[in-house]
Amino acid sequence: MMFTKSLGLAALFTTIASALPNGIVRRGGASGGSVQITNNLDQDIYAWSVTDQVGPMLVISANGGQYSEQWQINPNGGGVSIKLASDPEQHDVLQFEYTEAGDTIFWDLSCIDMEAGNMFTNFGFAVEPTGETSSCPSAICKAGDTACSAAYLQPTDDHATHGCPIDTGLSLTIGQ
């Protein structure tokens, strides 16, 4: 993930991971935060969650299909990336990346693996906090915005990393 190096949290994550059993650890309970992805496009989106292991590819159905994931901890100390593509061959990947650090969830959107004219840029996407989380920012890339400053376009775009309370729910909507 782009922002883990800039935040210098590798040591913290290594310590956390060493205390956990092998494999993905999911936060339990209704108070844990999560991301919910909604596909408002007229075509399916392919999604898979990546920690130190690549999860199974899932299909988020067209016209309102949803996928949700509670915050996970990557056992190798890195972050988690939910990769979204318009086809199962994984072209033009939009990434929702996050890393848990104590009481904070750091997250970003990455467009680094997308080519010009991709469907995500063409139709727009946005991450917004759900509930009453006023201290958590939104990231909105409007339809056609090929230079959206709310997302990583280059590996050095650390301004696109956001931090929220760990129990925050985030909604990522594809197709505005």
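The structure this text deals with has already been given above.
Residues numbered from 1 in each chain as written. Predicted model: local features only at pLDDT ≥ 70, side-chain atom pairs only at ≥ 80, totals over all residues. Heavy atoms only, no water.

Draft legend 1. Representation of the side chain of asparagine 74 within the structure. When you line up the elements, asparagine 74 lands in the loop between β6 (72–73) and β7 (80–85). Taking the relative accessible area as the measure of exposure, asparagine 74 reaches 4% and is therefore buried. Reaching out from asparagine 74, the side chain makes a polar contact with the backbone oxygen of glycine 79 at a distance of 2.8 Å. (Helix = DSSP H or I, 4+ residues; strand = E, 2+ residues; numbered from the N terminus. Buried < 20%, exposed > 50% of the residue type's maximum accessible area, 1.4 Å probe, protein only. Polar contact = N/O pair within 3.5 Å; in protein donor to acceptor, adjacent residues only side chain to side chain.)

Draft legend 2. Seen up close, the sheet that holds strand β5 (residues 65–70). Pairing is mixed across the open sheet formed by five strands, whose spatial order is β5-β2-β13-β10-β11. Two strands bound the open sheet, and with one partner strand each, they are β5 and β11 (139–141). The sheet shows a mean angle of 20° between the axes of neighbouring strands, direction not considered. (Pairing = 2+ DSSP bridges. Axes fitted to C-alpha atoms, helices over the stretch in contact; angles between N-to-C directions.)

Draft legend 3. Structural view of the nonpolar core. If you look at the biggest cluster of nonpolar residues, it comprises 34 residues, and the most contacted ones within it are Leu84, Phe96, Phe125, Leu172 and Ile174. In terms of residue count, strand β9 (residues 104–113) provides more of this core than any other element does, four residues in total. Excluding residues that lie within four positions of it along the chain, leucine 172 makes contacts with Val35, Gln36, Ile37, Thr38, Leu84, Phe96, Leu109, Phe125, Ala126 and Val127. (Core = buried A, V, L, I, M, F, W, Y, C linked by side-chain atoms within 4.5 Å. Contact = heavy atoms within 4.5 Å.)

Draft legend 4. Quick peek at the sheet that holds β9. Taken together, six strands build an open sheet; the order of strands is β4-β3-β7-β8-β9-β12 and the sheet is antiparallel. The open sheet has two free edges, formed respectively by β4 (58–60) and β12 (162–165), since each of these has just one partner strand. If you compare each strand with its neighbour and ignore which way they point, the axes differ by 25° on average. As paired strands, strand β3 (residues 45–50) and β4 are joined by three bridges and run antiparallel to one another. What sits directly across from tyrosine 46, in β4, is valine 59.

Draft legend 5. Highlighting the packing of aromatic side chains. Counting across every chain of the model gives four aromatic pairs. Geometrically, the ring pair formed by tryptophan 71 and tyrosine 98 is tilted, given 4.7 Å between the ring centres and 55° between the ring planes. You can see tryptophan 71 sitting in the loop between β5 and β6 and its partner tyrosine 98 sitting in strand β8 (residues 93–101), a full 27 residues away along the chain. Across this residue pair, the class does not change: tryptophan 71 and tyrosine 98 are buried. Seen from their ring centres, phenylalanine 96 and tryptophan 107 are 6.0 Å apart, and the 25° between their planes marks the pair as stacked. Of this pair, phenylalanine 96 sits in strand β8 while tryptophan 107 sits in strand β9; the two residues are eleven residues apart in sequence, bridging distant segments of the chain. Taking relative accessible area as the criterion, phenylalanine 96 reaches 0% and is therefore assigned buried. The exposure class assigned to tryptophan 107 is buried, which follows from its relative accessible area of 0%. The structure contains a cluster of three or more aromatic residues connected by ring pairs, namely Trp71, Phe96, Tyr98 and Trp107. (Phe/Tyr/Trp six-rings, centres within 6.5 Å; stacked < 30°, edge-to-face > 60°.)

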